[in-house]
Amino acid sequence: MKKIILLAVAVLSSIYSMAQTELAFPFQGGAPVMTSFFKDSLVVSPEIIKAKATGTAVFKFTADTKGTITRIVIYQADDYVLTLPIIEALKKSNHKWIIPDHEKTHDFILPFSIAFNPPAIPSKALVMKAYDFYVKRKPINAANQIPLDNATLLPTVMISYDLGQ
């Protein structure tokens, strides 16, 4: 009898306890809509295409109850040239963010990865230009600790661009 009562208590307590609560995705429409929004809104600059720039950039931004972005911070970026179109796309996402009900503001961390679509047979000039960018890039890195508080890490937005002519 004691084993049955102990088993019943264990089952009931496991029903009421959860390791992690499921949150609604913080972008109106969900993750696929967010990814599609940034792929459409992020305009790869001619400087990026000319330099054959590739890399990642990680941003932290704060959204308020109206979904307005109030602060943008660059945590890490492989080069400054990659950050400018991302900042412009983040500004276009105003009023699309959803924060938890009990908060006045919420921080989000959003990584971006930018790369070009390589041709089937890369030319030597393309390889040298990509290598030149890699050697001369000027990364942006945090020099001190960064408190994360209650930030939400979002999935990486992958951006690919064509090299053109």
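It should be emphasised that the depicted structure is a prediction, and the values quoted were computed from it without experimental measurement.

**Q** Looking at this structure, how should I read the side chain of S113?
**A** In this fold, S113 is placed in strand β3 (residues 105–116). In contact with S113, not counting residues within four places along its chain, are G55, T56, T156, V157, M158 and I159.

**Q** Would you take a moment to explain the packing of aromatic side chains for this structure?
**A** To describe a pair of aromatic rings, you give the distance between the ring centres and the angle between the ring planes. Summed over all chains, the structure comprises 11 aromatic pairs. Ring centres 6.3 Å apart and planes at 45° place the aromatic pair F27 and F38 in the tilted group. You can see F27 sitting in the loop between α1 (2–16) and α2 (31–41) and its partner F38 sitting in helix α2, a full 11 residues away along the chain. The class of F38 is buried, set by a relative accessible area of 0%. Between F116 and Y161, the aromatic rings sit 6.2 Å apart at their centres with planes inclined by 65°, giving edge-to-face as the arrangement. Of this pair, F116 sits in strand β3 while Y161 sits in strand β6 (residues 157–161); the two residues are 45 residues apart in sequence, bridging distant segments of the chain. An identical accessibility class is assigned to F116 and Y161; each is buried. In this structure an aromatic cluster arises from ring pairing among F27, F37, F38, F59, F61, W97, F108 and F112.

**Q** In this structure, what is going on with the pairing of strand β2 (residues 69–77)? I would like to understand it.
**A** In this structure, strand β1 (residues 55–64) lies alongside β2, joined through seven bridges in antiparallel fashion. By the bridge assignment for β2, V58 is matched with Q76. Between the end of β1 and the start of β2, which pair antiparallel, lie four residues, with G67 showing a positive phi angle near 80°. Where β2 lies against strand β4 (residues 140–141), two bridges are found, and the strand directions are antiparallel. Each bridged residue has a counterpart across the sheet, and for A77 the counterpart in β4 is I140.

**Q** Before we go on, may I ask you to explain the pairing of β6 in this structure?
**A** Every regular strand shows the same layout, with side chains that alternate between the two sheet faces. Only one face of β6 is covered, namely the one carrying V157, I159 and Y161; the face carrying M158 and S160 has none of its residues buried. Here β3 runs beside β6; their pairing, made up of five bridges, is parallel. For I114, the partnering residue across the bridge sits in β6 and is I159.

Rules used throughout
- Throughout this document, residue positions are counted from 1 along each chain, in the order its sequence is written.
- Per-residue local features of the predicted model are confined to residues with pLDDT of at least 70, and side-chain atom pairs are confined, for both listing and counting, to 80 or more; whole-chain, interface and lining totals are unaffected and use all residues.
- Only hydrogens and water are set aside; all other atoms, that is, all heavy atoms of the structure, feed into the side-chain values.
- Every helix listed is a DSSP run of H or I at least four residues long, and every strand listed is a run of E at least two residues long, numbered separately from the N terminus.
- Only heavy atoms enter the contact rule, under which two residues are in contact if any of them lie within 4.5 Å.
- Only Phe, Tyr and Trp rings are paired, with Trp represented by its six-membered ring, and only when their centres lie within 6.5 Å; those with planes under 30 degrees apart are stacked, over 60 edge-to-face, the remainder tilted.
- Under the scheme applied here, a residue whose accessible area is under 20% of the maximum for its type counts as buried, over 50% as exposed, and between as partly exposed, the area being computed with a 1.4 Å probe on protein chains only.
- Strand pairing is assigned whenever DSSP identifies at least 2 bridges connecting the two strands.

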